[in-house]
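# A closer look at the structure
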Amino acid sequence: MMSYRDPLGESATDPPVLVCADLQCEYLAEGRKHLIADGDLIMSRCRQLIALWRGNLWPVLHLKRIAQAAWFNPASNLTNWLPEVRPTPGELTFEHPLPSAYSSARFAEYMSNMRGIRCVLLGFSLDETILSTVVEGFHRSHRYQVIEDAVACRLACDGDVAAYKLVVTRVISNFAGVLDRADLTRSCGRLAV
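Numbering of residues starts from 1 in each chain and follows the order in which that chain's sequence is written. A pLDDT threshold of at least 70 governs which residues receive local features in this predicted model, and a stricter bar of 80 or more applies before side-chain atom pairs are shown or counted, although totals over entire chains, interfaces and linings include all residues. With hydrogens and water stripped out, all remaining heavy atoms of the structure feed into the side-chain values.

Our focus in this paragraph is the packing of helix α3 (residues 126–139) against helix α4 (residues 161–172). Axis lines are fitted through C-alpha atoms, for helices just across the contact stretch, and the angle between N-to-C directions can take any value from 0 to 180 degrees. Only runs of H or I of at least four residues qualify as helices and only runs of E of at least two qualify as strands under DSSP, and these elements are numbered from the N terminus. Two elements in contact, α3 and α4, have axes separated by 10 Å at closest approach and are oriented at 10 degrees. Classed by the angle they form, the pair α3 and α4 counts as roughly parallel. Two secondary-structure elements touch here, α3 through L126, D127, I130, L131 and V134 and α4 through Y164, K165, V168, T169, V171 and I172. Taken together, the residues of the contact of α3 with α4 break down into eight nonpolar, one polar and two charged. For this classification, under 35 degrees means roughly parallel, over 145 means roughly antiparallel, 65 to 115 means roughly perpendicular, and everything else is oblique. Whether two residues are in contact is decided by their heavy atoms: any pair within 4.5 Å suffices. Residues are grouped as follows: nonpolar covers Ala, Val, Leu, Ile, Met, Phe, Trp, Tyr, Cys and Pro; charged covers Asp, Glu, Lys and Arg; every other residue, Gly included, is treated as polar.

On to the side chain of S173. Here S173 lies in the loop between α4 and β6 (177–179). Among the residues examined, S173 registers a relative accessible area of 11% and is labelled buried. We define a polar contact as two N or O atoms separated by no more than 3.5 Å, with the added condition that, inside protein, one atom must be a possible hydrogen donor and the other a possible acceptor, whereas residues neighbouring each other in sequence contribute only through side-chain atom pairs. Polar contacts involving the side chain of S173 include one to the main-chain carbonyl oxygen of R170, which spans 2.6 Å. Type-normalised accessible area, obtained with a 1.4 Å probe on protein chains alone, sets the label of each residue: buried when under 20%, exposed when over 50%, and partly exposed for intermediate values.

Once that is clear, we can look at unusual backbone geometry. One non-glycine residue with positive phi stands out, namely S125, at about 65 degrees. Relative to the helices and strands, S125 is located in the loop between β4 (118–123) and α3. Overall, S125 belongs to the buried group, its relative accessible area being 3%.

Our focus in this paragraph is the sheet that holds strand β3 (residues 92–96). Sheet strands pair by backbone hydrogen bonding; their relative direction is either parallel or antiparallel. When DSSP finds at least two bridges between two strands, those strands are taken to pair. Strand order in the open sheet made by the six strands is β3-β2-β1-β4-β5-β6, with parallel pairing throughout. The open sheet is flanked by β3 and β6, the only strands paired with a single partner. Sheet twist, expressed as the mean angle between neighbouring strand axes with direction ignored, is 25 degrees. Bridging between β4 and strand β5 (residues 143–151) involves five bridges; their strand directions are parallel. Considered in β5, the bridge of C119 is made with Y144. On the sheet, helix α1 (residues 39–55) packs against β1 (16–21), β2 (60–65), β4 and β5 and is oriented at approximately 135 degrees with respect to β5. Strand contacts of α4: β5 and β6, with the helix running at about 165 degrees to β5, the strand carrying the most contacts.

See the structure below:
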């Protein structure tokens, strides 16, 4: 286990906001370019954390990529939420056309109006949505933590997926805290994963 720093600090009194990034059918569809190799394992961890947040009545936000590129047809049912993590009434959803969630004007406005919150990120698109959102959020003084064992990315080039994920996670650690679920439990005290 590597240790990462949280460049913006952390306060146990801040309300944790769970941000679920791109939990869409596209990433688990067999034969698709964006298939996540360890998607089932990551999904089980995401389901656990989402259930925990919902059980504690903590805020949950959902990000949905709606890119206009030919490989990501927004009219396709592959852009739908995965059924087991579909947003429930009262949970905010934000559609973003570019990798960063801040490309959604609603998300950017929502985050600019929130003060003193810590966002905990999980989901897919580690090397796209999560990375770009964390970097842009850092420059806006928004605090993020990425749960490294509840995020995934496809392999963008030939090579080892785990090594690629490690490199992306190290880059992210320059802009956000990087924790695993056990670290999250310890840092919040009240969490039991």
